[in-house]
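Next come the chains, spelled out residue by residue.
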Amino acid sequence: MTRLVELSSSNFVRFLSDLWTQRNWQTNVQPRGEGRYLVQGRRADGTKGMLLALSDGEQTIEKDHVRGFVAHAKKRSIDVIVVATQGEFSDEVRGFATNHDVKLLDLDSLGETVEEEGLEELVREYTDGDVYEKAEVEFGLPFDIPEPIASALASLPLDSIRQRLDGVSIPKKVPTVEELKSGSPPSVRVVVVAVLLLVLALGSVAALGPMVDGLGGPAGQSGVAVSALSVAPQDQADVVAMWNTRTTQSLAVGNSTYAAPDGQQFVVVALEVTPTGSSPVSISQSALALESDGVRYGYQPLAASGDLFHGGLFAPNESKVVWTVYSVPENVSTGTIVVAEPIDDEVVFVYNESVSTEPTTVTSS
């Protein structure tokens, strides 16, 4: 079974968000504390999705961990309900999920998805290059091992073998014949299969060719699929930014029309900003960026277009719609809105397709 490598807490949820954008969802990520994240999604056809990400790899997920989330999602008439973890699901949770039409994702099922859809490069954006865990299984041999082979096992040149099998995990301690025959060698983890050890013991090591990654996957959608990464849960944020986006080759603002540079495309992001407290909020346009494949793109200035970002000043308890534009290469298909510079206020992004992405001409305030 192909198992996805364990990711850091933040990278795990960003990978899940990117996985949804690959499937034409517009997504919004909200941290919920203690390794819990909420990913909300919406498709162009109106389908609504909600994913609970539990990033602790040591955690066993019980029904109490997900029951409230599922009830909340059903109350909101969510069409697709998903729970993802880097830990394990208890049998009780699996039964509960089946009865309530909830999709469960763990590192095993995510690994299978990545392999089947050729998404290895997507995973590598969040790792040092590893995609799958190295397979390690415990086993014993249900037969007597001939004495010559037993002697060879005891004298295997493990250091040189490790160099020849670069990347394959081989234990420093080789099991004894008695441990192998017992069927459950104590504290011994043996890699691959018994045949490999037997072949090595007989001094015949097969030549291993280079590993070839399977590439490919679903065709990219038209335009850039965008997600947004919040820096606080909605109930703790200083400002709520409802957002919407579209991709275009040209942009009209008032009486002016702007064409994307050669080999580029415009990503227009509309934000309906509402401070939640009693104090005004200041967010500079440069504080926001569009990140894709590890590259952050700053906003695209548009000459004579007016102040589309309204100076970045927002009065308490008032909503104001502002726009920002990013110019990105034509081959960019996914991106994430991020807060790229430290700001005094914590922002939560909430996707809302009703926010107009058609900028209007304004004057500086």
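The model shown is predicted, which means the values in this text are computed figures rather than measured ones.

A. Summary view of the packing of helix 1 (residues 9-21) against helix 4 (residues 107-117). At their nearest, the axes of helix 1 and helix 4 sit 13 Å apart, and the two run at 45° to each other. Of the possible angle classes, the one that applies to helix 1 and helix 4 is oblique. Crossing hand, helix 1 versus helix 4: left-handed. Where helix 1 approaches helix 4, its residues Phe 12, Phe 15, Leu 16 and Leu 19 are matched on the opposing element by Leu 107, Leu 110 and Val 114. Taken together, the residues of the contact of helix 1 with helix 4 break down into 7 nonpolar, no polar and no charged.

B. Spatial organisation of the nonpolar core. Among the nonpolar cores identified, the biggest contains 27 residues, and Trp 243, Val 267, Leu 271, Val 328, Ile 337 and Phe 349 are the most heavily contacted of them. Sorting the residues of this core by element identifies strand 8 (225-229), strand 9 (239-248), strand 12 (264-275), strand 14 (288-292), strand 17 (320-329), strand 18 (334-339) and strand 19 (347-351) as the ones contributing at least two each. By residue number, the principal contributor to this core is strand 12, which donates 4 residues. Beyond its immediate stretch of four places on either side in the chain, Val 267 contacts Val 224, Val 226, Thr 245, Arg 246, Thr 247, Leu 290, Thr 324, Val 325, Tyr 326 and Val 328. Among the nonpolar cores identified, the runner-up in size contains 26 residues, and Leu 19, Val 39, Leu 51 and Ala 84 belong to it.

C. Broad picture of the sheet that holds strand 8. Strands sit in the order 7-5-3-2-1-8-18-14-15 across an open sheet of 9 strands; the sheet is mixed. The open sheet has two edge strands with one neighbour each: strand 7 (103-105) and strand 15 (295-297). Averaged over all adjacent pairs, the angle separating strand axes in this sheet is 25°, with direction ignored. Pairing analysis gives 6 bridges linking strand 3 (residues 48-54) to strand 5 (residues 80-85), with the strands arranged parallel. Paired with Leu 51 across the strands is Val 82, a residue of strand 5. Each of strand 1 (26-33), strand 2 (36-42), strand 3, strand 5, strand 8, strand 14 and strand 18 is contacted by helix 1, which is oriented at about 160° to strand 3, the strand it contacts most. Packing of helix 2 (residues 63-75) onto the sheet brings it into contact with strand 2, strand 3 and strand 5, and relative to strand 3 it is tilted by some 165°.

D. Representation of the sheet that holds strand 17 within the structure. Reading across the sheet, the 4 strands line up as 17-12-9-19 and stay open at both edges, with mixed pairing between neighbours. Lying at the two open borders of the sheet, with one neighbouring strand each, are strand 17 and strand 19. Geometrically, the sheet is characterised by an average inter-axis angle of 30° between neighbouring strands, direction not taken into account. With 10 bridges connecting them, strand 9 and strand 12 associate as antiparallel partners. Note on strand 12: the bridge partner recorded for Thr 248 is Phe 266.

E. Empty space enclosed by the protein, seen in detail. Summed over all chains, the structure comprises 4 cavities of 30 Å³ or more. Approximately 50 Å³ is the volume found for the second largest cavity. As for the second largest cavity, its lining consists of Ala 241, Leu 271, Val 273, Ile 283, Leu 288, Phe 309, Phe 314, Val 347 and Phe 349. Counting only elements with at least two residues in the lining of the second largest cavity, the list comes to strand 12 and strand 19.

F. Up close: the environment of Tyr 37. As for its position among the elements, Tyr 37 is in strand 2. The sequence separation of Tyr 37 and Leu 54 amounts to 17 residues, and the corresponding C-alpha distance is 6.7 Å. Separated by 3.5 Å, the side chains of Tyr 37 and Ser 9 make a polar contact.

G. Molecular detail of the packing of aromatic side chains. With the rule as written, the count across this model stands at 3 aromatic pairs. Ring plane angle 65° and centroid distance 5.0 Å describe the contact between Trp 243 and Tyr 351, whose orientation is recorded as edge-to-face. With Trp 243 in strand 9 and Tyr 351 in strand 19, this residue pair connects regions lying 108 residues apart in the sequence. We note that Trp 243, like Tyr 351, is buried. Ring geometry for Phe 309 versus Phe 314: centroids 6.4 Å apart, planes at 85°, classification edge-to-face. With a relative accessible area of 3%, Phe 314 lands in the buried category.

H. Seen up close, helix 1. Its 13 residues give helix 1 an end-to-end C-alpha distance of 19 Å, which sits within 8% of 18 Å, the value for a rise of 1.5 Å per residue. The buried fraction of helix 1 is high, at 11 of 13 residues. Here helix 1 has its buried residues at Asn 11, Phe 12, Val 13, Arg 14, Phe 15, Leu 16, Ser 17, Asp 18, Leu 19, Trp 20 and Thr 21.

I. Geometry of the pairing of strand 1. Burial of strand 1 is extensive: 6 of the 8 residues sit out of reach of the surface. The pairing of strand 1 with strand 2 spans 7 bridges and is antiparallel. Within strand 2, the position partnered with Gln 26 by the bridge is Arg 42.

J. Layout of helix 4. All of the buried residues in helix 4 are Leu 107, Asp 108, Ser 109, Leu 110, Gly 111, Thr 113 and Val 114. Of the surrounding secondary structure, the elements contacted by the buried residues of helix 4 are helix 1, strand 5, strand 7 and helix 5 (120-124). With a side-chain oxygen lying 3.1 Å from the backbone nitrogen of Asp 108, the N-terminal cap of helix 4 falls on Asp 106. Of the residues flanking the end of helix 4, it is Gly 118, one or two places downstream, whose phi is positive at about 65°.

About the criteria used
- Residue positions are counted from 1 within each chain, in the order its sequence is given.
- Per-residue local features of the predicted model are confined to residues with pLDDT of at least 70, and side-chain atom pairs are confined, for both listing and counting, to 80 or more; whole-chain, interface and lining totals are unaffected and use all residues.
- Calculated side-chain values reflect all of the structure's heavy atoms, with hydrogen atoms and water omitted.
- Between N-to-C directions, angles span 0 to 180 degrees; the directions come from axes that are lines fitted to C-alpha atoms, helices contributing only their stretch in contact.
- In this text, helices come from DSSP runs of H or I with a minimum length of four residues, and strands from runs of E with a minimum of two, each type numbered from the N-terminal end.
- An angle below 35 degrees is read as roughly parallel, one above 145 as roughly antiparallel, one from 65 to 115 as roughly perpendicular, and any other as oblique.
- Each helix crossing is assigned a hand: it is left-handed if the near helix lies turned anticlockwise from the far helix by less than a right angle, otherwise right-handed if that turn is clockwise.
- Here a residue-residue contact requires only that any non-hydrogen atoms of the pair lie within 4.5 Å.
- Polar here means any residue outside two lists: the nonpolar Ala, Val, Leu, Ile, Met, Phe, Trp, Tyr, Cys and Pro, and the charged Asp, Glu, Lys and Arg; Gly therefore counts as polar.
- Throughout, nonpolar core names a set of buried Ala, Val, Leu, Ile, Met, Phe, Trp, Tyr and Cys residues whose side chains join them through atoms within 4.5 Å.
- Each residue gets one of three labels from its accessible area relative to the maximum for its type: buried under 20%, exposed over 50%, partly exposed in between, using a 1.4 Å probe on protein chains only.
- Note: two strands are recorded as paired if DSSP finds a minimum of 2 bridges between them.
- Cavities and pockets are found on a 1 Å grid laid over the protein atoms alone: a cavity is a set of points where a 1.4 Å probe fits but cannot escape, a pocket is an open set with protein on both sides within 12 Å along at least five of seven lines, and a lining residue has an atom within 4 Å of such a point.
- Grid points are joined across faces, edges and corners, and a volume is the space filled by probe spheres set on the points.
- Think of a polar contact as two N or O atoms within 3.5 Å of one another; within protein, one of them needs to be a possible hydrogen donor and the other a possible acceptor, and neighboring residues in sequence only count if both atoms come from side chains.
- Pairing of aromatic rings covers Phe, Tyr and the six-membered ring of Trp, with a centre-to-centre limit of 6.5 Å; geometry is then stacked below 30 degrees between planes, edge-to-face above 60, and tilted otherwise.
- Expected span of a helix, by definition, is 1.5 Å for each gap between consecutive residues, and there is one gap fewer than residues.

Read these as spatial facts, not as claims about activity.
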